[in-house]
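Given next are the chains, with one letter for each unit.
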Amino acid sequence: MPPALLFDGLSLSIVLAGTALATVLRSGRHELVVTGRAIAGLFAKRFSSVQAKADLAAQVSAIRRDGLLRASTSAIGDREFDDVTDVLIRSRSLDALIERHHDHRRNRIAAANAAVRTLAQAAELGPVFGMVGTLVSLSRLPATGLEQGALSGAISMAVLTTLYGLLLANLVLAPLARAVERRSQDEERHRQEVIDWLSAQIEPALPSSLHPTSVSLVSGASHGHGHGMRPQHGHGGTAA
């Protein structure tokens, strides 16, 4: 079949514009902004635990050598680790560092969940507007009788809108939702690795009275890599 027969501007417009409008109306401005950032993040450089450890190494060495009382903050350009090291030095407490890490983690997971939910919702709407295009094509049939080519044109538009809806859902939106979810899980796993390493490096430098009373806060968090995102993907495109 010639590729030209697989393209119809009106059919594509109905599916794309309808899906986009319905998603905007169902989602709030915050969810849409978060989703846009999550999609853009797929094309950004991945978080590297190796690089983060290298960036933190000089500061960790200074703390181990001089102690927390004489330590000063040194930004490495990562929002979370700049914050947690600042909290560590100000509070001189690993428990405070771990708690601040959990705060950042909860915020990242909430944002990832919102993006996955929005994309999964859009994936469900794609085939719906494929059916809308089918109804539009049937409504264009002349009421007084079939003109030459009218029936074939209506059938073609009905088929193409259904096809566009399925392709948009299963080849674009649902895979994007899974990609955002996988990227989030991967980043959380690597960040937890850095937090575990940082805690192990800093603990010997703490005065005995300031050692964390529950090291399980660190080790327990390391088992939380899969952060429970459970998007309700439609149309079988993103089975976990």
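Refer to the preceding data block for the structure.
Everything quoted here is computed from the prediction, not taken from an experiment.

Undergrad: How should the pattern of salt bridges be read in this particular structure?
TA: By the definition in use, this model includes 15 salt bridges. Asp83 is paired through a salt bridge with Arg100; the nearest N and O atoms lie 2.9 Å apart. With Asp83 in helix α4 (residues 79–91) and Arg100 in helix α5 (residues 94–139), this residue pair connects regions lying 17 residues apart in the sequence. The exposure class assigned to Arg100 is partly exposed, which follows from its relative accessible area of 28%. Here Glu181 ties to Arg178 by a salt bridge, and the two come within 2.8 Å at their closest N and O atoms. Of the two residues, Glu181 and Arg178 are both situated in helix α6 (residues 150–202); the distance of 3 residues between them amounts to about one turn of the helix. Judged by relative accessible area, Arg178 falls into the buried class, the value being 14%. Three or more residues are tied together by salt bridges with common partners; here these are Asp78, Glu80, Arg105, Arg108, Glu187, Glu188 and Arg191.

Undergrad: Looking at this model, I keep getting lost on the packing of helix α3 (residues 49–66) against α4. Mind explaining?
TA: Axis angle and axis distance: for two packed helices, these are the angle between their axes and the distance between the axes, and together they describe the pair. Interhelical geometry of α3 versus α4 gives an angle of 5 degrees and a closest axis separation of 12 Å. By the angle between their axes, α3 is roughly parallel relative to α4. Only Phe81, Thr85, Leu88 and Ile89 of α4 make contact with α3, whose side of the interface consists of Leu56, Gln59 and Ile63. Here the residues of the contact of α3 with α4 are counted per class, giving 5 nonpolar, 2 polar and no charged.

How each quantity is defined
- Residues numbered from 1 in each chain as written.
- Predicted model: local features only at pLDDT ≥ 70, side-chain atom pairs only at ≥ 80, totals over all residues.
- Heavy atoms only, no water.
- Salt bridge = Lys/Arg side-chain N within 4 Å of Asp/Glu carboxyl O.
- Helix = DSSP H or I, 4+ residues; strand = E, 2+ residues; numbered from the N terminus.
- Buried < 20%, exposed > 50% of the residue type's maximum accessible area, 1.4 Å probe, protein only.
- Axes fitted to C-alpha atoms, helices over the stretch in contact; angles between N-to-C directions.
- Parallel < 35°, antiparallel > 145°, perpendicular 65-115°, else oblique.
- Contact = heavy atoms within 4.5 Å.
- Nonpolar A, V, L, I, M, F, W, Y, C, P; charged D, E, K, R; others polar.

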